[in-house]
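If you want the building blocks of each chain, they are given just below.
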Amino acid sequence: MIKQIEIKLNYSFLYKWKECGDISVITNADPGVYFQIFSTVVSPLSAGSVLEVVAGNFAVVINSNDYFLAAVDRIRSFPLFYKIEDQKILVTDNISSFEKEFIFNEAAEDVFGKIFCTEGNNTLLQNWKQIQPGEFIFINKLTGDFLVSRYFIFRSKLPTRKINRVELRELFLNVFRSIIDTIGSKPIVVPLSGGYDSRCIIAILKELNAKNIFVYTYGTKDSFEKKIAQKVAQQLNLDWHFVEYTDELQDSFFTEKWKEFSYKNHHFTSLPIEQDFFALLYLQENKLLPEGGVVLSGYLGDYFAGHYSKFVNVPDDENDQMEYLYANRAGKFIVNSIRLYEYFG
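Residues numbered from 1 in each chain as written. Predicted model: local features only at pLDDT ≥ 70, side-chain atom pairs only at ≥ 80, totals over all residues. Heavy atoms only, no water.

**Brief notes about the pairing of strand β4 (residues 58-63)**
Where burial is concerned, most of β4 is hidden: five out of the six residues are buried. By the bridge criterion, five bridges tie strand β3 (residues 23-27) to β4 in an arrangement that is antiparallel. Its bridge partner lying in β4, Ile26 is registered against Ala59. Examined bridge by bridge, β4 and strand β5 (residues 67-72) share five bridges and lie antiparallel to one another. Counterpart to Asn63 in the pairing with β5 is Phe68. Hairpin connection from β4 to β5: three residues lie between these consecutive antiparallel strands. (Buried < 20%, exposed > 50% of the residue type's maximum accessible area, 1.4 Å probe, protein only. Helix = DSSP H or I, 4+ residues; strand = E, 2+ residues; numbered from the N terminus. Pairing = 2+ DSSP bridges.)

Printed below as a string of structure tokens:
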């Protein structure tokens, strides 16, 4: 039974929490839409029904007289954490706002060392849990009842089938048309490697006549990825910048700025990723990075090719694989990785 609720919300990157009455929302879209949608929630059943259909990137906390709700979207864009102590629950987007001395969970540490993130609702800390992608917690304040519920699971509702190239092409084009419409006149920033994912993004953007594209590549000057990226950029007449990763460059950037980012980014659930950090910092400090840009990266493209099918702990069943990879690897490690772009504005 929960009798006391303590909440601390202080997200430290680009987006901020907005409040309207009992409802707090963080999103990269218009919060007013979410205030209106979530004003209809009165019970766990209605919460699940609303969350099943609401789209976008968000987290929501509702602290009314009768109930408490905390939920994240389907990919856990903005993580939330909770800890139950006797009859009290702590809810936050930053565990460090409550904890100053950390007691680690050895089992979670073992998993973390293998897949670079925690599994399920575990964090690296004892007693602290996270709200998983597509999940919410609900507390009835009249009875003290506490509920954890998944409103979305990464499973196909239809039998899988092979898709032909024509269908796949049209699917990609429609997705990118929607992305380009949403971006509008903002610069499009693409990290271009020698891999298929980022080259696919660039090719579709060019085919759809997207404007104001800024492309960067990083690494050693003799790497095959740099050579491929440069060739692609030249053939497509792209605004391309190469950031050479030298020992001197990387040493100079392991500074307070990196410490600040990594500390704010890991959330005791995922390994901070530095691979783009040096390039973005270099581009920003040299005033090359366009302001207000929207990054389209090639993360997750290899999921569809089955690249992670042999990942540690991944189940054999195809639907179970999808659920495991998106709820864990994607919803934690990948989402935390692309937080880097948000950090640089």
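**So, helix α1 (residues 31-38)**
Taken residue by residue, α1 has Tyr34, Phe35 and Phe38 as its buried positions. Looking straight down α1, one finds that the buried residues subtend no more than 105° of arc, so they occupy a single side. If you follow the buried residues of α1, they end up packed against β2 (18-20), β3, α2 (44-53) and β4. Where α1 begins, the capping side chain belongs to Asp30, and its oxygen is found 3.0 Å from the backbone nitrogen of Gly32. (Arc of directions from axis to C-beta. Contact = heavy atoms within 4.5 Å. Polar contact = N/O pair within 3.5 Å; in protein donor to acceptor, adjacent residues only side chain to side chain.)

**Looking at the packing of helix α4 (residues 165-183) against helix α5 (residues 196-207)**
How two helices pack is summed up by the angle between their axes together with the distance between the axes. Where α4 meets α5, the closest approach of the two axes is 10 Å, and the angle between their N-to-C directions is 75°. Considering their axes alone, α4 and α5 lie roughly perpendicular with respect to each other. Residues Arg169, Phe172, Leu173, Phe176 and Ile180 of α4 lie in contact with α5, whose contacting residues are Cys200, Ile201, Ile204, Leu205 and Glu207. Class assignment of the residues belonging to the contact of α4 with α5 gives a composition of eight nonpolar, no polar and two charged. (Axes fitted to C-alpha atoms, helices over the stretch in contact; angles between N-to-C directions. Parallel < 35°, antiparallel > 145°, perpendicular 65-115°, else oblique. Nonpolar A, V, L, I, M, F, W, Y, C, P; charged D, E, K, R; others polar.)

**Description of a nonpolar patch on the surface**
Taken together, the side chains of Ile163, Leu168, Leu171 and Val175 define a hydrophobic patch exposed on the protein surface, amounting to about 320 Å² of accessible area. Structurally, Ile163 can be placed in the loop between β10 (146-150) and α4. By relative accessible area, which is 41% here, Ile163 ends up partly exposed. (Patch = residues over 30% accessible without salt bridge, like charges linked within 9 Å, V, L, I, M, F, W, Y side chains within 5 Å. Areas by Shrake-Rupley, 256 points an atom, 1.4 Å probe, with all protein chains shown as cover. Salt bridge = Lys/Arg side-chain N within 4 Å of Asp/Glu carboxyl O.)

**What to know about the packing of helix α8 (residues 256-265) against helix α9 (residues 277-285)**
Two elements in contact, α8 and α9, have axes whose closest approach is 12 Å; the angle formed by their N-to-C orientations is 125°. Between α8 and α9, the angle is such that the two are oblique. With respect to the hand of their crossing, α8 and α9 are arranged in right-handed fashion. Contact residues: α8 offers Lys257, Trp258 and Phe261, while α9 offers Phe277, Leu281 and Gln284. For the contact of α8 with α9, the residue count by class is four nonpolar, one polar and one charged. (Left-handed = near helix turned anticlockwise from the far one by under 90°.)

None of this, on its own, says anything about what the molecule does.
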